[in-house]
Amino acid sequence: MRYRQNLVSFALFLCVFLAVFNEVLLSPFYPQFFRKVFGVEDLAYTGYYIFICRLTVVLCAPIWGILSRNIEVKYLLYIGQAGTAIMTALMGTSNSASQFLVYTIILLLFKSSYLLVYPLIIQLAGKQKRATVAGIYQAVFHGAIVAATIAGAGMVNFATPLRLFYLIAIADVVQLIICIYILQGVSARKEDKQNSENAPVVSNQLGFIVAIGMVILSFQLANNLVRPYFTEYVTTNFININLLSSSLLFLIPSIMAIAALPYIRKACKPKALPSIYLVGICLLATSLFFQGWTQNIVVLILARVVYGFCLAVTQAALELQLFNSSASNRLHFNYSLTTSFANVGHLAAPLMASWLVNTYSLAVPFLAAGVIGSVNLIFARFAVFKKSSLPLSKISHHP
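Residues numbered from 1 in each chain as written. Predicted model: local features only at pLDDT ≥ 70, side-chain atom pairs only at ≥ 80, totals over all residues. Heavy atoms only, no water.

**Student:** Lay out the side chain of Ser354 in plain terms, naming residues and giving numbers.
**Tutor:** Checked against the element boundaries, Ser354 lands in helix H16 (residues 331-359). Contact partners of Ser354, with chain neighbours within four places excluded, come to Ala44, Gly47 and Tyr229. (Helix = DSSP H or I, 4+ residues; strand = E, 2+ residues; numbered from the N terminus. Contact = heavy atoms within 4.5 Å.)

**Student:** Give a detailed account of the environment of Val102, specifying residues and quantitative values.
**Tutor:** Among the secondary structure elements, Val102 is positioned in helix H5 (residues 97-111). Placed 49 residues apart in sequence, Val102 and Cys53 show a C-alpha to C-alpha distance of 9.8 Å.

**Student:** Report on the packing of helix H14 (residues 273-293) against helix H17 (residues 364-384), specifying residues and quantitative values.
**Tutor:** Running from amino to carboxyl end, H14 crosses H17 at an angle of 165°, the nearest separation of the two axes being 7 Å. Of the possible angle classes, the one that applies to H14 and H17 is roughly antiparallel. By crossing handedness, the relation of H14 to H17 is classed as left-handed. Contact residues: Tyr277, Leu278, Ile281, Cys282, Ala285, Leu288, Phe289, Gln291, Gly292 and Trp293 in H14; Phe366, Leu367, Ala369, Gly370, Val371, Gly373, Ser374, Asn376, Leu377, Ala380 and Arg381 in H17. Of the residues belonging to the contact of H14 with H17, the class tally is 14 nonpolar, 6 polar and 1 charged. (Axes fitted to C-alpha atoms, helices over the stretch in contact; angles between N-to-C directions. Parallel < 35°, antiparallel > 145°, perpendicular 65-115°, else oblique. Left-handed = near helix turned anticlockwise from the far one by under 90°. Nonpolar A, V, L, I, M, F, W, Y, C, P; charged D, E, K, R; others polar.)

**Student:** Describe the packing of aromatic side chains, naming the residues involved and giving the relevant values.
**Tutor:** Applying the stated criterion across every chain yields a total of 29 aromatic pairs. Relative to Phe38, the ring of Phe33 has its centre 6.0 Å away and its plane inclined at 85°; by these criteria the two rings are edge-to-face. Residues Phe33 and Phe38 agree in their burial class; the two are buried. Joined through ring pairs, the aromatic side chains of Tyr30, Phe33, Phe34, Phe38, Tyr45, Tyr48, Tyr49, Phe100 and Phe165 make up one cluster. For the cation-ring pair, Arg304 lies above Phe230, with the distance from its terminal atom to the ring centre recorded as 4.0 Å. In this structure, Arg381 packs its charged tip against the face of Phe382, placed 5.1 Å from the ring centre. (Phe/Tyr/Trp six-rings, centres within 6.5 Å; stacked < 30°, edge-to-face > 60°. Buried < 20%, exposed > 50% of the residue type's maximum accessible area, 1.4 Å probe, protein only. Lys NZ or Arg CZ within 6 Å of the ring centre and 35° of its normal.)

**Student:** Which residues make up the nonpolar core, and what are the values?
**Tutor:** Counting 121 residues, the largest nonpolar core has Phe34, Tyr49, Phe100 and Tyr277 as its most contacted members. When residues of this core are assigned to their parent elements, the largest contribution, 12 residues, is made by helix H15 (residues 297-324). When near neighbours in sequence (up to four residues on either side) are disregarded, Phe100 contacts Phe33, Phe34, Phe38, Tyr49, Met91, Ser94, Leu162 and Phe165. (Core = buried A, V, L, I, M, F, W, Y, C linked by side-chain atoms within 4.5 Å.)

**Student:** I'd like a rundown of the side chain of Ser336, residues and numbers included.
**Tutor:** Mapped onto the secondary structure, Ser336 falls in helix H16. Apart from the residues within four sequence positions on either side, Ser336 is in contact with Ala61 and Gly65.

**Student:** Quick one: what's the story with the pattern of salt bridges, residue by residue and with numbers?
**Tutor:** Using the criterion set out here, one finds 3 salt bridges in the structure. Among the ionic pairs, Arg54 bridges to Glu23, the shortest N-O distance being 2.8 Å. Of this pair, Arg54 sits in helix H3 (residues 44-67) while Glu23 sits in helix H1 (residues 2-24); the two residues are 31 residues apart in sequence, bridging distant segments of the chain. Residue class for Arg54 comes out buried when judged on its relative accessible area of 16%. With its nearest N and O atoms 3.7 Å apart, the salt bridge here joins Arg35 to Glu41. With a relative accessible area of 31%, Arg35 lands in the partly exposed category. The class for Glu41 is exposed, based on a relative accessible area of 58%. Ionic contacts of the salt-bridge type, sharing partners, join the residues Arg35, Glu41 and Glu232 into one network. (Salt bridge = Lys/Arg side-chain N within 4 Å of Asp/Glu carboxyl O.)

**Student:** Any chance you could break down the environment of Met256 for me, citing the residues and the numbers?
**Tutor:** Within the secondary structure, Met256 is located in helix H12 (residues 243-259). Taking the C-alpha atoms as reference, Met256 lies 5.0 Å from Phe309; in sequence the two are 53 residues apart. Not counting chain neighbours up to four residues away, the residues in contact with Met256 comprise Val305, Gly308 and Phe309.

**Student:** Describe empty space enclosed by the protein, with residues and values.
**Tutor:** For the structure on display, the rule yields 2 cavities of 30 Å³ or more. Its volume calculated, the second largest cavity comes out at about 40 Å³. Around the second largest cavity sit Ala61, Trp64, Gly65, Ser112, Leu115, Leu116, Tyr335, Ser336 and Thr339, which together line it. When grouped by side-chain class, the residues that make up the lining of the second largest cavity number 5 nonpolar, 4 polar and no charged. (1 Å grid on protein atoms, 1.4 Å probe; cavity = no way out; pocket = protein on both sides within 12 Å on 5 of 7 lines; lining within 4 Å. Points joined across faces, edges and corners; volume = space filled by probe spheres on them.)

**Student:** With reference to specific residues and values, describe a nonpolar patch on the surface.
**Tutor:** Residues Phe289, Phe290, Trp293, Leu367, Val371 and Val375 make up a contiguous nonpolar surface patch of about 570 Å² in total accessible area. You can see Leu367 is positioned in helix H17. (Patch = residues over 30% accessible without salt bridge, like charges linked within 9 Å, V, L, I, M, F, W, Y side chains within 5 Å. Areas by Shrake-Rupley, 256 points an atom, 1.4 Å probe, with all protein chains shown as cover.)

**Student:** How would you summarise helix H11 (residues 230-237) if you had to cite specific residues and measurements?
**Tutor:** Among the residues of H11, Phe230, Thr231, Glu232, Tyr233 and Val234 are the ones counted as buried. Those residues of H11 that are buried lie in contact with helix H2 (30-38), H12, H14, H15 and H17.

**Student:** Which residues make up the state of the cysteines, and what values go with them?
**Tutor:** Tallied over the full model, the rule gives 0 disulfides. We note that Cys15 lacks a disulfide partner, and the nearest cysteine sulfur, in Cys179, lies 3.3 Å from it. (Disulfide = S-S within 2.5 Å.)

Written out as structure tokens, the structure is:
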């Protein structure tokens, strides 16, 4: 039985890894990629491209969450995986930046279904293993970022970078075959039906979702604000930093996020989540200020180390707060709702980053992100992690 559960977890975490890998593959190198492959010199095009991608996810993600209430999640995942494989292969045939963008939009329509995977893992694991699953998720998530960044750096240097998309499409097909085989007999809807008998009727659920959604929005805005132009920033402002060195600096937070796995598994218990998040977001905001302020490479590296560790811990704490406050039969729906808030943050980040870079300098997005992180701290303290707040499973009334 345990062996079977491990296989299911492996298949689902593989979905997470490949989804993040594909998304992040070129994200640190979009300016260089568009310049080399399609001849796009304008740095603002990077912000425009990311904006369109995020808008697509904002519109599509809630649809998959709604569908999951009536259709078995694994079938939705199969559809998304098949569509993702097809569109990824077509991206490799792009002849222009506009065609590449169109293929990307259709790709993200299907790939938005992958947002159902994380709550499915949480649901199948059970409440006792949520901290462990959250820690593993962060490790897999950031491990994919490390692998994708390394591959992306090499990809930019390829004579024909688009060919790598064919390999990614093949990996998507293999992933689909593995999931169809391993997820036989797995049904989240059966568990929903069993748990719904004792599910609480929550009177203030919408208020909580909006509150935690706003915290997630500002959290994602701050952390995605510094991503699009990071490699440009360090190669421009620090001596002897080339594209490879900037890639290594970009990877430091993800490496630290993987290193945070043991801490997340041990420390992220329900009662400890408020203090873990509030202290973590404070350190995260401070590290962002230092990254934009310093001209010393050692200080930058140390700030990236602190930033990466706190990024993984705070994100895990925030997600666990959401899962612990949701009935089992509403995990997918609640997660899709809060994901919409996250995607608004993703949507606004490249636009704000482009404006800040074009108006001021490459360092200003870090300073702005630090300010947003400070606002997030205040809002989280008084709206989500206030002493009077209880998990939604305990704030209930019965007719």
